Every structure is written in structure tokens, then in C-alpha cells.
Amino acid sequence: VQLQASGGGSVQAGGSLRLSCAASGRTGSRFYMGWFRQAPGKEREFVAAINWNSRHTYYGDSVKGRFTISRDNAKITVYLQMNSLKPKDTAVYYCVADSTIMVSSLYTPSAYDYWGQGTLVTVSS
């Protein structure tokens, strides 16, 4: 499975960005997709995840109410709409996917089999 993320860039605080991540290869019919981020000098942080039919979404505490994850299975693409961005949201954002992950492991980076290349989001004050 290959994941290609796009949509990063620079924005001022309070602004919005939308990240996209397209999956290709042997993705299977049911798999979680999500996002992690890593700021300079910090560990990777869980941002959001969504199950295969979009009925269940999960968010990290720091982004709840500001970010929205969604997916389009026809395009095998996951999106992350980021609103009310803050300077502390500055990080490299990574797309992830896994078909066998347990819900209890969604917040753990090492639990995901597939990672995208990352896209940089910079929020200035």
C-alpha cells in the first residue's frame, strides 16, 4: 500500500488548510486511515482516524472541535480539514493506514503498517 499526502503549506493563525491522502495498491476493502503529526523535537502525536465506512472517527485532544477527518472510498482518499489553526499545530503531518489495527491501538504510531511521506504545515502567529 502506498500513501501520498498533499495539501500542506503555510497559513496564519486562525486560518484553514485541507490535507488529502490518496491510497493505492492492495488496500483491501476495510481499513482504518488517519493522521499523525510530528513537530520539531517532539514525538509523533495522534491527530485523527476514521474507520472504513466513516461511521467512527477519533481525534486527539488537542485538535477536537477544530479538525475534521473524512474519507472517500471511491477515491481511496482520506481528508483532514483543519480550521482555527494555531502555531502549535505546526508540524509534519503523516497519513497512515492499516487493515487489522485494533481500536485500542489507533493512538499508537507503531501499530500502523503503512505511512505516507509527510506534508509540512506551518502556522504563523
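Look above for the structure.
Below, the structure is looked at part by part. (Residues numbered from 1 in each chain as written. Predicted model: local features only at pLDDT ≥ 70, side-chain atom pairs only at ≥ 80, totals over all residues. Heavy atoms only, no water.)

Before going further, it helps to examine the overall build of the chain. Across its full length, the chain holds zero helices and eleven strands. Across the chain, helices and strands are ordered from the amino to the carboxyl terminus as β-β-β-β-β-β-β-β-β-β-β. Over its C-alpha atoms the chain spans a radius of gyration of 13 Å, differing by no more than 12% from the 14 Å that the globule rule assigns to 125 residues. Across the 125 residues of the chain, 43% fall into the buried class. Of the contacts formed within the chain by residues at least 6 apart in sequence, a portion of 56% connects residues at least 24 apart. Looking at the chain, you have 13 positive and 7 negative side-chain charges, and the mean spots of the two groups are 6 Å apart. (Helix = DSSP H or I, 4+ residues; strand = E, 2+ residues; numbered from the N terminus. Rg over C-alpha atoms; globule rule 2.2 N^0.38 Å. Buried < 20%, exposed > 50% of the residue type's maximum accessible area, 1.4 Å probe, protein only. Contact = heavy atoms within 4.5 Å. Lys, Arg positive; Asp, Glu negative; His and termini not counted. Charge placed at Lys NZ, Arg CZ, Asp CG, Glu CD.)

On to the environment of Ser-6. When you line up the elements, Ser-6 lands in strand β1 (residues 2-6). Taking the C-alpha atoms as reference points, Ser-6 and Asn-53, 47 residues apart in sequence, are found 22 Å from one another. When neighbours within four sequence positions are excluded, Ser-6 is seen to be in contact with Arg-18, Leu-19, Ser-20 and Thr-119.

Looking now at the nonpolar core. Membership of the largest hydrophobic core comes to 28 residues, with the highest contact counts inside it found for Met-33, Trp-35, Leu-80, Met-82 and Tyr-93. For this core, the secondary-structure elements that each account for two or more residues are β1, β3 (17-24), β4 (32-38), β5 (45-50), β7 (67-72), β8 (77-82), β9 (91-98) and β11 (119-124). Grouped together as the second largest cluster of nonpolar side chains are nine residues, Phe-36, Ala-49, Leu-106 and Tyr-112 included. (Core = buried A, V, L, I, M, F, W, Y, C linked by side-chain atoms within 4.5 Å.)

Burial runs high along β8: five of the six residues are buried. Where β3 lies against β8, six bridges are found, and the strand directions are antiparallel. If you follow Ser-20 over to β8, its bridge partner there is Tyr-79. The sheet contact formed by β7 and β8 spans six bridges and is antiparallel. Within β8, the residue paired with Arg-71 across the bridge is Val-78. Linking β7 back to β8 in an antiparallel pair, the connection comprises four residues, with Ile-76 at a positive phi of about 50°. (Pairing = 2+ DSSP bridges.)

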